[in-house]
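One letter stands for each residue in the lines below.
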Amino acid sequence: MTRIQISGTGLFTPKEILTNDELVNSYNKFVDEFNIENEDKIKTGEIEELQKSSSEFIEKASGVKARYVQNKSGILDTKFMRPLLRERKEDELSNLAEMGVIAAKQAIENANIDIEKIDAVIVACSNLERPYPAIAIEIQNALNIEGFAFDMNVACSSATFGIQTIYDMIKSGSIRSALMVNPEICSGHLNFKDRDCHFIFGDVATAVVIEELKEVPSNSNSYEILSTKLYTQFSNNIRNNYGFLNSSSPDGVGKADKLFHQNGRQVFKEVVPKVASLIKEHLEKNSIEVTNIKAMYLHQANENMNRLISKYILGHEASRDFAPIVLDEYANTSSAGSIIAFHKHNNSLKKDDLAIICSFGAGYSIGNVIVRKLG
Ligand code: COA
């Protein structure tokens, strides 16, 4: 039976930190400007007066204290309110490939794998910079990897879906190993003019090397993948209508629905029990008692959500060592969230400890991966 391992992970963190206070000050300045500009329409009831945001609300509702971003000045400029990124020439690395390559190099180094042994590259993320050529092929080229590469998008669950895709390809014998990269410039799909969600996301890139496990290493930071489980169910509660047909319907161009929007309360209510039951079923199917799990690296969307998921699974609150939180520092980084938690906090695991990496998000989509520490 082919055994498969995660042999290395990597993380690229942008240089610029954007705190809640900075974000809220700029949002509130935009609100003042908007309300003054639209005073007459607000008086007649034609449009609604905008309400101010608050750092206290953001931290209490989400657990987010700050986020890293690729560009802060554009986001904080009340006349622009989006990251300002230099357009890349066709002979330069694209924005996503550039950050992805940095995370990938770290994952390859941590895996201690020769480039010649990597047979495929998958970019698995929420927002791709262009339709084609694939960002994954660009990264493959930048790293001199032979074989094939492709992009895939399952929103916040892209990484776990990517892990199962690679796991299945190695199991079938079509490849020996692969690199998965999760570059996320979430600030690019975020509506910084929307009080309900302007604080949610941050930017980052993660990478994971997955390969066939031939010999159990005596002392290494590798993890055998014991089982994976994926689930999707259609929902409009998290949606982004941006796409290549937008310009064919000019009336909709630039409208708020062409950015991330959600019905946050519904998402919270519907996704928490689904994630908890999927994890429980997956453990049961593998005859693993919940008490034998030593850590849960959950998707980082909302701290209250993660706390409740852990409680449904364990029957009591989880400690931060057991279910690490990185969204206070990184915010929601979509597909990369659970991989950041795993990358930064797996040092608490000992040989043979079992853990899970779980993601959930738009679609809805949920993915769970059960791993066992080797070496
Ligand atoms: N600053 C201050 N107050 C705000 C605010 C802001 N930025 N945004 C909303 N509020 C107010 C609302 O107006 C509302 O006021 P009211 O009670 O007087 O009507 C109150 O805060 C509660 O708003 P609500 O939207 O119900 O907040 P919530 O507690 O549900 O938290 C989310 C909002 C989005 C943080 C939460 O629903 C959530 O995280 N859901 C999960 C969604 C998710 O993770 N999506 C990503 C999926 S990968």
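Higher on the page you've got the structure.
Below you will find a few notes about this structure. Per-chain numbering applies: the sequence of each chain, read as written, is numbered from 1 onward. Thresholds applied to this predicted model are a pLDDT of at least 70 for local features of residues and 80 or more for the giving and counting of side-chain atom pairs; totals over whole chains, interfaces and linings are not thresholded and use all residues. To obtain the side-chain values, all non-hydrogen atoms of the structure were included, while hydrogens and water were left out.

### Comments concerning the side chain of Asp 151
Secondary structure follows DSSP: runs of H or I at least 4 residues long count as helices, runs of E at least 2 residues long count as strands, and numbering of each begins at the N terminus. Within the secondary structure, Asp 151 is located in strand E5 (residues 148-152). Although Asp 151 lies buried, it forms no salt bridge, and the closest oppositely charged side chain, Arg 130, sits 6.5 Å away as judged by the N-O distance. Whenever a nitrogen or oxygen atom comes within 3.5 Å of another N or O atom, the pair is scored as a polar contact, on the condition that within protein one atom can donate a hydrogen and the other can accept it, and that pairs from neighbouring residues in sequence are kept only if both atoms are in side chains. Within polar-contact distance, the side chain of Asp 151 engages the backbone nitrogen of Ile 135 at 2.8 Å. A polar contact is formed between the side chain of Asp 151 and the backbone nitrogen of Ala 136, at a distance of 2.8 Å. Leave out the neighbours within four places in its chain, and Asp 151 touches Val 123, Leu 128, Ala 134, Ile 135 and Ala 136. The classification of residues rests on relative accessible area computed with a 1.4 Å probe and restricted to protein chains. Under 20% of the type maximum is buried, over 50% is exposed, and intermediate values are partly exposed. For the charge count, each Lys or Arg is scored as positive and each Asp or Glu as negative, with His and the chain ends excluded. Between Lys or Arg on one side and Asp or Glu on the other, a salt bridge is scored when a side-chain nitrogen of the former is within 4 Å of a carboxyl oxygen of the latter. Pairs of residues are marked as contacts when any of their non-hydrogen atoms sit within 4.5 Å.

### What to know about the side chain of Ser 158
Topologically, Ser 158 is positioned in helix H7 (residues 158-172). For Ser 158, the contacting residues outside a window of four places in its chain are Ala 124, Cys 125, Ser 126, Met 152, Asn 153 and Ser 335.

### Some words on the site of the ligand
Close contacts around the ligand come from 20 residues, with Ser 53, Arg 195, Gln 262, Arg 265 and Asn 302 the closest. Contacts to the ligand include Ser 53, whose side-chain N or O atom sits 2.9 Å from a nitrogen atom. Side-chain polar atom of Arg 265 to an oxygen atom of the ligand: 2.8 Å apart, as the coordinates give it. Burial of the ligand by the protein amounts to 71% of the accessible area it has alone, namely 970 Å². Whether a residue is near a molecule or strand depends on its heavy atoms: if one lies within 4 Å, it is near. Computed with the Shrake-Rupley method and a 1.4 Å probe, the accessible areas treat only the protein chains shown as cover for residues.

### Describing helix H3 (residues 55-62)
Along an α-helix, residues three or four positions apart point the same way, because every turn accommodates 3.6 residues. Every buried residue of H3 is accounted for by Ser 55, Ile 58 and Ser 62. Buried residues along H3 cover an arc of 70 degrees about the axis, so they all sit on one side. Those residues of H3 that are exposed and angled more than 90 degrees off the buried face are Glu 56 and Lys 60. In this structure, the buried side of H3 is in contact with helix H1 (20-37), helix H9 (303-314) and helix H10 (327-330). Of the residues one or two after H3, Gly 63 is the one with positive phi, at around 85 degrees. By definition, the arc is the one covered by directions from the helix axis to the C-beta atoms.

### Brief notes about the sheet that holds strand E1 (residues 4-12)
In space, the 9 strands of this open sheet follow the order E5-E4-E6-E7-E1-E8-E13-E12-E11, with mixed pairing throughout. The sheet is open, and its two borders are formed by E5 and strand E11 (293-298), each paired with just one other strand. The average undirected angle you get between the axes of adjacent strands in this sheet is 25 degrees. Strands qualify as paired when DSSP identifies two bridges or more between them. Two strands pair when backbone bridges link them, and strand E6 (residues 177-185) and strand E7 (residues 203-212) are joined in this way by 9 bridges, in the antiparallel orientation. Bridge assignment links Met 180 to a residue of E7, and that residue is Val 208. Orientation is described by lines fitted to C-alpha atoms, with helices fitted over the stretch in contact, and by angles between N-to-C directions that extend from 0 to 180 degrees.

### Quick look at the packing of helix H5 (residues 95-111) against helix H6 (residues 135-142)
The angle between the axes and the distance between the axes are what describe a pair of packed helices. Running from N to C, H5 and H6 cross one another at 50 degrees; their axes reach a closest spacing of 9 Å. On the basis of the axis angle, H5 is oblique to H6. As for the relative orientation of H5 and H6, their crossing is right-handed in sense. Residues Leu 96, Ala 97, Gly 100 and Val 101 of H5 touch H6, and the partners they reach there are Ile 135, Glu 138, Ile 139 and Ala 142. Charged residues are taken to be Asp, Glu, Lys and Arg, nonpolar residues to be Ala, Val, Leu, Ile, Met, Phe, Trp, Tyr, Cys and Pro, and polar residues to be all remaining types, Gly included. When its residues are assigned to classes, the contact of H5 with H6 shows 6 nonpolar, 1 polar and 1 charged. Here the word oblique covers every angle except those under 35 degrees (roughly parallel), over 145 (roughly antiparallel) and from 65 to 115 (roughly perpendicular). Put simply, a crossing is left-handed when the front helix is turned counterclockwise from the back one by less than a right angle, and right-handed when it is turned clockwise.

### Description of the environment of Val 204
Residue placement: Val 204 occurs in strand E7. Sequence separation between Val 204 and Pro 14 is 190 residues, and the spatial gap between their C-alpha atoms is 6.3 Å.

### A closer look at helix H11 (residues 337-345)
When you tally the buried positions in H11, you get 7 out of 9 residues, the bulk of the element. Three or more residues of H11 are buried, namely Gly 337, Ser 338, Ile 339, Ile 340, Ala 341, Phe 342 and His 343.

### Observations concerning the pattern of salt bridges
It is possible for side chains of opposite charge to pair when their charged atoms get near one another. Taken as a whole and judged by the stated rule, the model has 18 salt bridges. In this structure, Arg 320 and Asp 328 form a salt bridge, with 2.9 Å as the shortest nitrogen-oxygen distance. For Asp 328, a relative accessible area of 18% puts it in the buried group. The partner of Asp 352 in a salt bridge is Lys 351, with the nearest N and O atoms 3.7 Å apart. According to the relative accessible area criterion, Lys 351 is exposed, its value standing at 51%. Because the salt bridges share partners, they merge into one network encompassing Arg 3, Glu 224, Lys 351, Asp 352 and Arg 372.

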